[in-house]
Amino acid sequence: SIPRTFRVHFVSLFFFRSSPFSEVMAASSAEGLGVEIELQLRVAALEAENKAFREMFAKEKNHTEKKQTMLALEDIPKEKDHAEKQRMMALEDKAKSAEQMANTWKEKVAATESEAEMRDELYSSLLAESMEYKQKRGAFRRRIEDAWSMFDELNRTLPWEKWEKLHIRRVGEVQHSTAEEMLGIMRSRNITMDFESIQMAFFEEVSELNKLMIKAEFRPLKVTTTMERGQEVPVYSIIYDDPELVKIKEKWGEEIMFQFAEERLYLEKVNASGQHAVHVAWDDQKKDQMDDFDVAQKLVEIVRVLKAENDKNKQKRRKLAGRASTSQR
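None of the values given here were measured: they were computed from a predicted structure. (Residues numbered from 1 in each chain as written. Predicted model: local features only at pLDDT ≥ 70, side-chain atom pairs only at ≥ 80, totals over all residues. Heavy atoms only, no water.)

J.: Now, about the overall build of the protein: what can you tell me, with residues and values included?
T.: Scanning the protein from terminus to terminus reveals seven helices and five strands. Each helix and strand of the protein, placed in order from N terminus to C terminus, yields the pattern α-α-β-α-α-β-β-α-α-β-β-α. The proportion of buried residues among the 329 residues of the protein is 19%. Taken as a whole, the protein presents about 25700 Å² of accessible surface, with 56% of it coming from carbon and sulfur. (Helix = DSSP H or I, 4+ residues; strand = E, 2+ residues; numbered from the N terminus. Buried < 20%, exposed > 50% of the residue type's maximum accessible area, 1.4 Å probe, protein only. Areas by Shrake-Rupley, 256 points an atom, 1.4 Å probe, with all protein chains shown as cover.)

J.: Explain the pattern of salt bridges residue by residue, including any values.
T.: Oppositely charged side chains can pair when the atoms bearing their charge come close. By the definition in use, this model includes seven salt bridges. Ionic pairing is found between Arg 170 and Glu 173, a salt bridge with its closest N-O pair at 3.0 Å. A salt bridge links Arg 264 to Glu 268; the nearest nitrogen and oxygen atoms lie 3.1 Å apart. Of this pair, Arg 264 and Glu 268 both sit in helix 6 (residues 254-270), four residues apart, roughly one helical turn. You can call Glu 268 buried: its relative accessible area is 5%. Each member of the salt-bridge network shares a partner with another, and the members are Arg 219, Arg 264 and Glu 268. (Salt bridge = Lys/Arg side-chain N within 4 Å of Asp/Glu carboxyl O.)

J.: Residues and numbers for a nonpolar patch on the surface, please.
T.: Together, Phe 53, Met 56 and Phe 57 give the surface a local cluster of nonpolar side chains, amounting to about 350 Å² of exposed area. Relative to the assigned elements, Met 56 resides in helix 2 (residues 20-155). (Patch = residues over 30% accessible without salt bridge, like charges linked within 9 Å, V, L, I, M, F, W, Y side chains within 5 Å.)

J.: Go over a negative patch on the surface with me, naming the residues and quoting the values.
T.: Together, Glu 113, Glu 117, Asp 120 and Glu 121 line one region of the surface with negative charge. Mapped onto the elements of the fold, Glu 113 is located in helix 2. (Lys, Arg positive; Asp, Glu negative; His and termini not counted. Charge placed at Lys NZ, Arg CZ, Asp CG, Glu CD.)

J.: Hey, could you go over helix 5 (residues 243-252) for me, with residue numbers and the actual values?
T.: Buried within helix 5 we find Leu 245, Ile 248 and Trp 252. One side of helix 5 carries all its buried residues, which in axial view fall inside an arc of 55 degrees. In helix 5, the exposed positions that point more than 90 degrees away from the buried face belong to Pro 243, Lys 247 and Glu 250. At its buried positions, helix 5 is contacted by helix 3 (176-189), helix 4 (195-213), strand 3 (231-238) and helix 6. Two to three positions downstream of the cap, the backbone nitrogen of Glu 244 sits 3.0 Å from a side-chain oxygen, assigning the N-cap of helix 5 to Asp 242. Immediately beyond the C-terminal end of helix 5, within one or two residues, lies Gly 253, with a positive phi of roughly 105 degrees. (Arc of directions from axis to C-beta. Contact = heavy atoms within 4.5 Å. Polar contact = N/O pair within 3.5 Å; in protein donor to acceptor, adjacent residues only side chain to side chain.)

J.: Go over unusual backbone geometry with me, naming the residues and quoting the values.
T.: Located in the positive-phi region is Lys 287, a residue other than glycine, with phi close to 55 degrees. For Lys 287, the position within the fold is in the loop between strand 4 (278-283) and strand 5 (288-289). Given a relative accessible area of 43%, Lys 287 falls into the partly exposed group.

J.: Outline the pairing of strand 4, supporting the account with residue identities and numerical values.
T.: For strand 4, a buried count of five out of six residues is recorded, marking the element as mostly surrounded by other parts of the structure. Where strand 4 hands over to strand 5, the hairpin turn is made up of four residues, of which Lys 287 adopts a positive phi near 55 degrees. (Pairing = 2+ DSSP bridges.)

J.: Can you tell me about the side chain of Gln 259, naming the residues and giving the values?
T.: Examined against the element boundaries, Gln 259 turns out to sit in helix 6. Among the polar contacts made by the side chain of Gln 259, one reaches the side chain of Glu 181 at a distance of 3.1 Å.

J.: Describe the packing of helix 3 against helix 6, listing the residues and the values that go with them.
T.: Axis separation between helix 3 and helix 6 bottoms out at 10 Å; the angle between their running directions is 155 degrees. The angle between helix 3 and helix 6 falls in the class roughly antiparallel. Considering how the two elements wind past one another, helix 3 and helix 6 form a crossing that is left-handed. Together, Thr 178, Glu 181, Met 182 and Ile 185 of helix 3 and Glu 255, Ile 256 and Gln 259 of helix 6 make up the contact between the two elements. (Axes fitted to C-alpha atoms, helices over the stretch in contact; angles between N-to-C directions. Parallel < 35°, antiparallel > 145°, perpendicular 65-115°, else oblique. Left-handed = near helix turned anticlockwise from the far one by under 90°.)

J.: Can you break down the pairing of strand 2 (residues 221-228) residue by residue, with the values?
T.: Taken together, the eight bridges between strand 2 and strand 3 define a ladder with antiparallel strand orientation. Note on strand 3: the bridge partner recorded for Thr 224 is Val 235. Adjacent in sequence and paired antiparallel, strand 2 and strand 3 are bridged by two residues, among which Arg 229 carries a positive phi angle near 60 degrees.

J.: Tell me about the sheet that holds strand 1 (residues 167-171), residues and numbers included.
T.: Here we have three strands laid out as an open sheet, ordered 1-4-5, and antiparallel in their pairing. Lying at the two open borders of the sheet, with one neighbouring strand each, are strand 1 and strand 5. Pairing geometry for strand 1 and strand 4, over five bridges, is antiparallel. Bridging across to strand 4, His 167 finds its partner in Trp 282. Packing against the sheet, helix 6 makes contact with strand 1, strand 4 and strand 5, and its axis sits at approximately 100 degrees to strand 1.

J.: Provide a residue-level description of the packing of helix 4 against helix 6, including the pertinent values.
T.: Running from N to C, helix 4 and helix 6 point in directions that differ by 40 degrees, and their axes come no closer than 11 Å. Relative to helix 6, the element helix 4 lies oblique. Helix 6 is crossed by helix 4, and the crossing has right-handed handedness. Where helix 4 approaches helix 6, its residues Leu 209, Leu 212 and Met 213 are matched on the opposing element by Phe 260, Glu 263, Arg 264 and Leu 267. Here the contact of helix 4 with helix 6 is built from residues that sort into five nonpolar, no polar and two charged. (Nonpolar A, V, L, I, M, F, W, Y, C, P; charged D, E, K, R; others polar.)

Written out as structure tokens, the structure is:
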């Protein structure tokens, strides 16, 4: 196909070919036309070359993209393999750490078992010693009871103050001093009632308190431990906001409540089960039961006093008997 510009010049050339001027114009036009045609041809060649280059570039680009895609697809398994290797290495590290921890725990368990065996041996030894001590203590207590029964027979011949040094107290029930205070409170609150009715009501109140004292659910105490001479010793404290103690306080007053709570604490000390009251030799200064050795010393001292008093009475009776025989003569 002939370019449009070339067609226009060709027509013009044909139109002016008959005149001399036209010949000159035609010559110049032909020369310009030739240049223009050459330029047009070169442009067309460049466009064709550009088009061919673009097609080649598109093909190359497409080929490059396909190659990159193939390479990317080839890299995916490699990345997966690398990630799997990393995961396996992490699992191996965890396994090694777990194994080390297991070995550590095995060593600790072995040490604990060894310590437990030593403690078990120590406990068995202490238990055997404790059983032996309890047997000896039981035998010693029986001897004290026998001495006490003998003392009880002898004390009938003497006034109370001679053997008052050994205070036998029934721990775990309302004490005499507390009962007297309660009776005074009842009499002050019930002036119009006769004394016999007050006494009956008083005995019922004391009986109820004694039942509460040994009730299994009633434990207004907090027990902790402390170390004394290398041994654990229980330490007791009273929980004064216990519901039962609060009721006693509201009914009888703070002082009666304190005395009742202290009595429950004493019962806990001498009888850990707390299920029944017990008779014990009581140390008023320590506010605790006397040691067996101290009880034995007191009994020996009392028996000596009683024996001395009994000997004096025998001498008096002999003198009286001698005077009577002399007077009869």
